[in-house]
Each structure stands twice: as C-alpha cells, then as structure tokens.
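Notes for the structure review
Chain by chain, the residues:
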Amino acid sequence: MKMVIYGAIIVGIVPVQSVLLPHLTLWGVKPDLGVVAVCLIGLISGELDGLLVGVAVGWALSLFSAQDVIIGAMLKGSLGFVAGLAGRQMVYLSPLVLVSGLLVVSCLVGLVTPVVLRLNPQQDLWWAIWNVALPQACLDAVIGGAIYWLMWSQFNIEQLMSESRM
Amino acid sequence: MWMVNLRVTSNARRVALVLAVVLILGFLLLPGQLQSVFHGVGGPLGWIISWPLRVVAGVHDRIAGVWGGYVALQGMEEENRQLKRELELLKEQNGQLRESAAATERLATLLEFKKQALPTLIAAQVIGRDTGNWYKTIILDKGASDGIQADQGVITPAGVVGRIVKTTASTSVVLLVTDPNNAIAGLIQRTRDEGIVEGTTQGQARLKYIPLLSGARPGDRVVTSGLVEGFPRGLAIGTITRIDKEEEALFQSAELSPEVDPSRVEEVLVIQSSPVPTEKERLSMPRPKL
C-alpha cells in the first residue's frame, strides 16, 4: 500500500506542479509540493523512505524543469533524510510545529538552491530571498499545514508514525 | 517510543545512511557518470510521467477553453483571438520583408547570392510550466521520439520563444528567452549591430555588448543573428525600449520588450534543422573537386 502511495506521489506531483499550481501563486511564485511531500514522508515514515522518495521526487521534478537532475534529486533526497532524522526525535507533532518547521526548512532550501544551481548573477542571494524563497516558504508552510491537519483529523498520526517505522 | 524506534529500525537507518553516503560520494566524485545514469534511467520515468501530465493538461485546457469560450464573452474572445493571430502574422511578415530588403541590398552589392535553406519545423503544444520557481520554462508535448533535441530553437509566428534544454521521449523543456540563464545571439535590424540577448528577472530581455558607436535607439527591432546553432537569421526577438549607456563602459546595452509573451503562448514551432552548419559539420564537409 505504501509503495502505491509513493508511486502515485512521484508520478502525480509533476502534473500538479506544472499544470495546476501555476494558477496558485504568490507574487508569481508557486509552492513546491515536492518539499512538502518529502518533509511529511520523512517525518512520518523515517529517513530511508524520506531519502528514497525525496530522490525520486526531485529527479521526476527536475526532468520537467531546466534544473540539473542530480542537484534536484540530491536536494530533495537530503531533505527527506533530514526530515526522517528530525521525525525520530519527536513524539508529538502538532500542525503548528509542522507549519513553523516547513517555513524554516523551505526557506533554507530556497537559500541553498540558487547557490548550488549557480544561476545568472542577476539572480543573487538577496533577489532569491525576497522573490522566491520567502513567498515559496509561506505557501509551502500553509499547504503542508493544511495537508497535515487533514491527516491529523482523520488518522492517528502518532500511531502511523510508529507503525510505519516497524 | 524512542528506544523501540531505535531498535526496530536500526536496519533501515543503516541502509538510509549508506545510501545517503553513496549518493553524496557519487555526486562529489563522479558527477558526470551519475548525471548520465540519472538521464539514462530518467527516460522511462519521464515517459511514465508524461501520460498523467498530458491528461491533466488536456483537462485543464478543456476547462480553460470552456471558461474562455462560453463564460467569458464568447464573441469577444474569438474576435480578439483572430485579431491577435492576424497581428502576429502581419508582424512576422513585416519582419521578414524588412529582413529580406536589407539582405537583398547587401547581397546585391556583394554579387554573391547564397540561398538560405529553410529549416524544418515541428509544431508542438504547451502542456505545462516549469516545476520549480528558479527557471522560466515551458513543457512541450513533443520529445526526442519526434526528433526534438537539446539546443534547438523554439518560435511562434510572432518571434523567438526560447531554446530546448531537456527532452524525454515524449516531452521537452524550453528555456524561455526571458530567463536570465538564456543567451541568444541577436542583431539590431536597422543598424546591423550584434549582441547577446539575455533574459531579466523582471520577465523582459536585454541586448548586451552593443558597440559604443552604435546608433541604436528605442523602437529598433532586434532579430536573431543566425551566428549560433538553433536559430536562423532574421527571427524577431523583441523591440528596444531603452538604451543604457554607462560612463567608461566598453559596451552599451538595451532593454527589450520581447515579441512573444511567453506566459500566453499555447502552440509553438521547434526548428529542427538550422541552416547554419556547426563547427564540426563545417570541418567534416567534403571539399569540391577542382
């Protein structure tokens, strides 16, 4: 069942991100569902799942972008791995904590990405913070929080977290 | 819970750690090889993903079509679309005529006429936008199996859209002319001064490295110079809106308003073969026997 869900996320994230999300933008910036999905999977299912799904999601998204494939896969894979490690330290994860965490993590990813991608000098760090990283982090946090709140109200997340790691 | 988790998942943790280390080492030590592996295996993955992508894009286009055609003033929408099409065609014709006139003048004086080979064009539809926020790209519904390759130029009847940067079997990614990471060789149509057209972060374009003595002025049209692979000479890129001349600078630059609005483009043409031979082709070309 878990494999089916992961497969659906990997295959379905590209159409959603490239066709539907351009209609949901904040100052021309759309949320990165990849960051949200990988963080949630890492937190709930652990670092191995986070790493593997992160690599696959980053790879799939990079295939349909001008972004370097390896960098995309490595960034999302590392994010999933770190989320898995962070999830291990938590016994209880409230939506508020998750929203704040996603805001910080998405901001950090937004700061690292332009440096790693070696973009044009016009797209310097200051431009990246104000024009991409911050709006994207806000959207990621809101969407991540909403998804987690939905899951939280429907399932017992703590039980899911411990079960999925067995 | 902490103790239980540690004991039960120690194996998974070890696997995750080993995988992470292998990936990081591969990234640091063998980036080229890792890149080719990811690209090679990415073919089937891209092919699988292209199916839901087409379905979602199709549904999206239908909904957008219904909304645009029936809900939002059907008659006006159609008339506007027709007028835009006509305007694009006329602009293209005008650009071509200007270019032809200039070329005829030059060629007549040189007494050497070389017929330009017409490029082969592949029509493609836009099915999506970039999956991230760092690049300005569009996704096309044609890919490597249709003969599309990286570095091929992409145009509409109105002018240049961008350049192919990535392909899967059935899709391709176009880096738009308005992206700061794109560079196309350009030429001011009136003064014949050459430069490099680069995108800006404001979604416009800029012609760089214009000679200081150039008489370029706002309103001048910039076209492709045909000096690089992908684009033949004379395709409209944009119109100069402002000239920037800094003191003690070696060159001047100009701000351009792109001829094509990339956010509204729906159908494009990919230039499959360029009349300009590459360096390799030129070197391997058989010499005529005397």
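Digging into the overall build of chain B
For chain B, the helix and strand inventory stands at five helices and twelve strands. The burial tally for chain B puts 38% of its 290 residues in the buried class. The long-range fraction of contacts in chain B, counting pairs at least 24 apart against all pairs at least 6 apart in sequence, stands at 58%.

Focus on the confidence of the model for chain A
Looking at chain A as a whole, its pLDDT mean stands at 85, while 94% of the residues score no less than 70. Here helix α7 (residues 157–164) of chain A stands out as the element of chain A with the lowest mean pLDDT, 68, in contrast to helix α2 (residues 33–45) of chain A, whose mean of 90 is the highest.

With respect to a nonpolar patch on the surface
Residues and elements named next belong to chain A. A surface patch of nonpolar side chains, about 570 Å² in accessible area, is lined by L103, V104, L108, L111, V112, V115 and L125. Counting residues per element, the nonpolar patch draws most heavily on helix α5 (residues 95–117), which supplies six residues. Tracing the backbone through its elements, the reader meets L111 in helix α5.

Looking at the environment of G46 of chain B
For G46 of chain B, the position within the fold is in helix α3 (residues 31–71). For G46 of chain B, a relative accessible area of 0% puts it in the buried group. Considering only alpha carbons, one finds G46 of chain B and I240 of chain B, 194 residues apart in sequence, at a separation of 39 Å. In this structure, G46 of chain B is in contact with L63 and F64 of chain A together with T168 of chain B, ignoring residues within four places of it in sequence.

Observations concerning the sheet that holds strand β11 (residues 251–258) of chain B
Residue and element names in this part refer to chain B. Taken in spatial order, the six strands of this closed barrel run β6-β7-β8-β11-β10-β9, and their pairing is antiparallel. Going from strand to strand, the sheet's axes swing by 40° on average, the running direction of each strand aside. Alignment of strand β8 (residues 205–211) against β11, held across five bridges, turns out to be antiparallel. From the neighbouring strand, A205 faces β11, where its bridge partner is L256.

A short note on the interface of chain A and chain B
At the junction of the two partners, chain A supplies 52 residues and chain B supplies 56 residues. For the pair chain A and chain B, the summed buried surface comes to about 4900 Å²; carbon and sulfur atoms form 71% of the total. Area buried by chain A at its contact with chain B is led by F64, I70 and R88 of chain A, which between them contribute 15% of it. Linking chain A with chain B are zero salt bridges, by the criterion used here. Applying the counting criterion to the chain A and chain B interface returns 13 residue pairs in polar contact (both at pLDDT 80 or more). Among the elements of the structure, α1 (2–20), α3 (47–63), α4 (69–88), α5 and α6 (125–154) of chain A are those that each provide at least two residues to the side of chain A that touches chain B. The element that contributes the greatest number of residues to the side of chain A that touches chain B is α3 of chain A, accounting for ten residues. Residue classes in the side of chain A that touches chain B are distributed as 33 nonpolar, 14 polar and five charged.

Here we look at unusual backbone geometry
Residue and element names in this part refer to chain B. Of note, the phi angle at R192 is positive, near 65°, even though the residue is not glycine. Of note, R192 is situated in the loop between β6 (183–188) and β7 (194–199). Classification of R192 as partly exposed rests on a relative accessible area of 25%. Of note, the phi angle at Y209 is positive, near 60°, even though the residue is not glycine. By secondary structure assignment, the location of Y209 is in strand β8.

Considerations on α1 of chain A
With 19 residues, α1 of chain A should reach 27 Å at 1.5 Å per residue; the first-to-last C-alpha distance of 25 Å fits that figure. At G12 of chain A, α1 of chain A shows its strongest bend, of approximately 35°, with the proline P15 of chain A following within four residues.

With respect to the confidence of the model for chain B
Residues and elements named next belong to chain B. Put simply, chain B has an average pLDDT of 79, and 83% of its residues get 70 or more. A low-confidence stretch, residues 1–8 stays under pLDDT 50, and its non-local contacts, those more than four residues away or across chains, total twelve contacts. Counted against residues more than four places away or in other chains, residues 110–117, with its pLDDT under 50, gives four contacts. Reported confidences for the modelled complex are a pTM of 0.77 and an ipTM of 0.85.

A word on the pattern of salt bridges
Residues and elements named next belong to chain B. Within this structure, the stated rule accounts for eleven salt bridges over all chains. Between D220 and R190 there is a salt bridge, and its shortest N-O distance comes to 2.9 Å. Within this pair, whereas D220 is found in the loop between β8 and β9 (221–224), its partner R190 is found in the loop between β6 and β7, the two being separated by 30 residues in sequence. Owing to a relative accessible area of 6%, D220 belongs among the buried residues under this scheme. The partner of D244 in a salt bridge is R206, and the shortest N-O contact between them spans 2.9 Å. Taken together, the positions of D244 in strand β10 (residues 236–244) and R206 in strand β8 put the pair 38 residues apart, joining distant regions of the chain.

Description of the nonpolar core
Ranked by internal contacts, the top residues of the largest apolar core, which has 51 residues, are V14 of chain A together with F38 of chain B. For this core, the secondary-structure elements that each account for two or more residues are α1, α2, α3, α4, α5 and α6 of chain A together with α2 (10–29) and α3 of chain B.

Looking at the sheet that holds strand β12 (residues 267–271) of chain B
All names here are of chain B. With respect to topology, six strands assemble into a closed barrel ordered β1-β2-β5-β4-β3-β12, the strand pairing being antiparallel. For this sheet, the mean inter-axis angle between neighbouring strands, taken without regard to orientation, is 45°. Looking at chain direction, strand β2 (residues 137–140) and strand β5 (residues 172–176) are connected through four bridges and run antiparallel. Bridging from a neighbouring strand, I139 pairs with V173 of β5.

Comments concerning the packing of α2 of chain A against α6 of chain A
All names here are of chain A. The contact between α2 and α6 brings their axes to 9 Å, and the two run at 40°. Comparing the axis directions of α2 and α6 gives the class oblique. When the axes of α2 and α6 are compared, the crossing they make is right-handed. Facing α2, whose interface residues are L33, V35, V36, L40 and I44, α6 presents D140, I143, G144, I147, Y148 and M151.

So, how was this worked out
Residues numbered from 1 in each chain as written. Chains lettered and ligands numbered in written order. Predicted model: local features only at pLDDT ≥ 70, side-chain atom pairs only at ≥ 80, totals over all residues. Heavy atoms only, no water. Helix = DSSP H or I, 4+ residues; strand = E, 2+ residues; numbered from the N terminus. Buried < 20%, exposed > 50% of the residue type's maximum accessible area, 1.4 Å probe, protein only. Contact = heavy atoms within 4.5 Å. pLDDT = per-residue confidence, 0-100. Patch = residues over 30% accessible without salt bridge, like charges linked within 9 Å, V, L, I, M, F, W, Y side chains within 5 Å. Areas by Shrake-Rupley, 256 points an atom, 1.4 Å probe, with all protein chains shown as cover. Salt bridge = Lys/Arg side-chain N within 4 Å of Asp/Glu carboxyl O. Pairing = 2+ DSSP bridges. Axes fitted to C-alpha atoms, helices over the stretch in contact; angles between N-to-C directions. Buried area = accessible area lost by both parts, 1.4 Å probe. Polar contact = N/O pair within 3.5 Å; in protein donor to acceptor, adjacent residues only side chain to side chain. Nonpolar A, V, L, I, M, F, W, Y, C, P; charged D, E, K, R; others polar. Expected span 1.5 Å × (residues − 1). Bend = angle between axes of the 7 residues up to and from the residue. Core = buried A, V, L, I, M, F, W, Y, C linked by side-chain atoms within 4.5 Å. Parallel < 35°, antiparallel > 145°, perpendicular 65-115°, else oblique. Left-handed = near helix turned anticlockwise from the far one by under 90°.

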